[in-house]
Structures are given as structure tokens and as C-alpha cells.
Amino acid sequence: MPLHESAEMYIETIYRLSQESNFVRSIDVAENMGYSKPSVSRAVSLLKQGGYLLMDKDGFLTLTDAGKAVAKKIYERHTVLSGLLISLGVDEKIAAQDACRIEHVISDESFAAVKRYLDKNHEG
């Protein structure tokens, strides 16, 4: 079952936060995303049920292998697309915002074509 954009956003945020710190809690996610604690709590519960996330007895969040796979896919899309937009002259902040929207709806086929194009045109 495909994940909704909001679930992907939570997974990506948990992934990014886990790159900065070994300990990620729901409150960290709420603060980073600007969401309420109840909203994050509900999302965490759904992600746990879906097998994307684990929470230990102290409330620390860890992505499962499935969660990491989704996170890496979305994060790669974000970095590649924002980099592309910046290289086209788009302001860095706007490029990041637009990439955040595009990364959830672009097909695997189109994203692979974007990567091939960039690889081909940025060689040596």
C-alpha cells in the first residue's frame, strides 16, 4: 500500500533528525515540523502499525528497514530535485519548498530520467 505524502514527510523528518542525533523523540518531530504533539503521536502510531517505525520504552523512535528505505528514497528525491532547481537559478529556499512538493508525486520513471539527465550533463 502506498504511503500518503504526510506519512512520507514524517518518515523523512525522522530520518533527517536521526542523522543529526542518535535519539529522536516525538517531541523532536513535532518541533521540527511545527505540528502538535497529538498529530505526531497519531502519525507515529500509524507508522508503527505499518511497520515503518519502532518506539522503545523511553519513547525514542527508530526507523525499521522498510522505514529507512522510504526515507532514503524521499530524501534522495529531495536533494536531487532541490539541487536541480538551484542549478536552474531558483532561490535556495524556494527550490527546497518546491522539491518538497515534487518529491512525493514524481513517478519513479520520471525521477530516474531526471537523474540520468543530470548524470549525463554533469560529467567531467
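**A few points about the overall build of the protein chain**
Across its full length, the protein chain holds six helices and two strands. Order of helices (α) and strands (β) in the protein chain, N terminus to C terminus: α-α-α-β-β-α-α-α. With the principal axes as the frame, the protein chain shows a C-alpha extent of 50 × 30 × 25 Å. Out of the 124 residues belonging to the protein chain, those deemed buried represent 35%. Roughly 8,000 Å² of accessible area belongs to the protein chain as shown, and the carbon and sulfur atoms make up 52% of that amount. For the protein chain, the distance from the average site of its 15 positive side-chain charges to the average site of its 18 negative ones is 4 Å.

**Brief notes about the side chain of Glu103**
Checked against the element boundaries, Glu103 lands in the loop between α5 (92-102) and α6 (108-121). For the buried Glu103, which has no salt bridge, the nearest side chain bearing the opposite charge is Arg16, at an N-O separation of 7.7 Å. Contacts of Glu103, omitting those with residues within four sequence positions, involve Met9, Glu12, Ile74, Arg77, His78 and Leu81.

**Regarding helix α3 (residues 37-49)**
Taking 1.5 Å as the rise per residue, α3 with 13 residues should run 18 Å; its terminal C-alpha atoms sit 18 Å apart, in good agreement. Taken together, the buried positions of α3 are occupied by Val40, Ala43, Val44 and Leu47. One face of α3 carries all of its buried residues, which in axial projection span an arc of 105°. Away from its buried face, by an angle of more than 90 degrees, α3 presents the exposed residues Pro38, Arg42 and Gln49. Here the buried face of α3 lies against α1 (5-20), α2 (26-33), β1 (53-55) and β2 (61-63). The positive-phi residue at the C-terminal boundary of α3 is Gly51, with phi of around 85°.

**With respect to α1**
Counted at 1.5 Å a residue, the expected span for α1 with its 16 residues is 22 Å, and the 23 Å between its end C-alpha atoms agrees. Here α1 has its buried residues at Ala7, Glu8, Met9, Tyr10, Ile11, Glu12, Thr13, Ile14, Tyr15 and Leu17.

**Examining the confidence of the model for the protein chain**
For the protein chain, the mean per-residue pLDDT works out to 91, and 97% of the residues sit at or above 70. Least confident of the elements in the protein chain is α6, whose mean pLDDT is 91; most confident is β2, at 96.

**Points about the pattern of salt bridges**
With the rule as written, the count across this model stands at six salt bridges. Note that Asp108 and Lys73 form a salt bridge whose closest N and O atoms lie 3.1 Å from each other. Taken together, the positions of Asp108 in helix α6 and Lys73 in helix α4 (residues 65-87) put the pair 35 residues apart, joining distant regions of the chain. The network of salt bridges with shared partners includes Lys73, Arg77 and Asp108.

What counts and how
- Residues numbered from 1 in each chain as written.
- Predicted model: local features only at pLDDT ≥ 70, side-chain atom pairs only at ≥ 80, totals over all residues.
- Heavy atoms only, no water.
- Helix = DSSP H or I, 4+ residues; strand = E, 2+ residues; numbered from the N terminus.
- Buried < 20%, exposed > 50% of the residue type's maximum accessible area, 1.4 Å probe, protein only.
- Areas by Shrake-Rupley, 256 points an atom, 1.4 Å probe, with all protein chains shown as cover.
- Lys, Arg positive; Asp, Glu negative; His and termini not counted.
- Charge placed at Lys NZ, Arg CZ, Asp CG, Glu CD.
- Salt bridge = Lys/Arg side-chain N within 4 Å of Asp/Glu carboxyl O.
- Contact = heavy atoms within 4.5 Å.
- Expected span 1.5 Å × (residues − 1).
- Arc of directions from axis to C-beta.
- pLDDT = per-residue confidence, 0-100.

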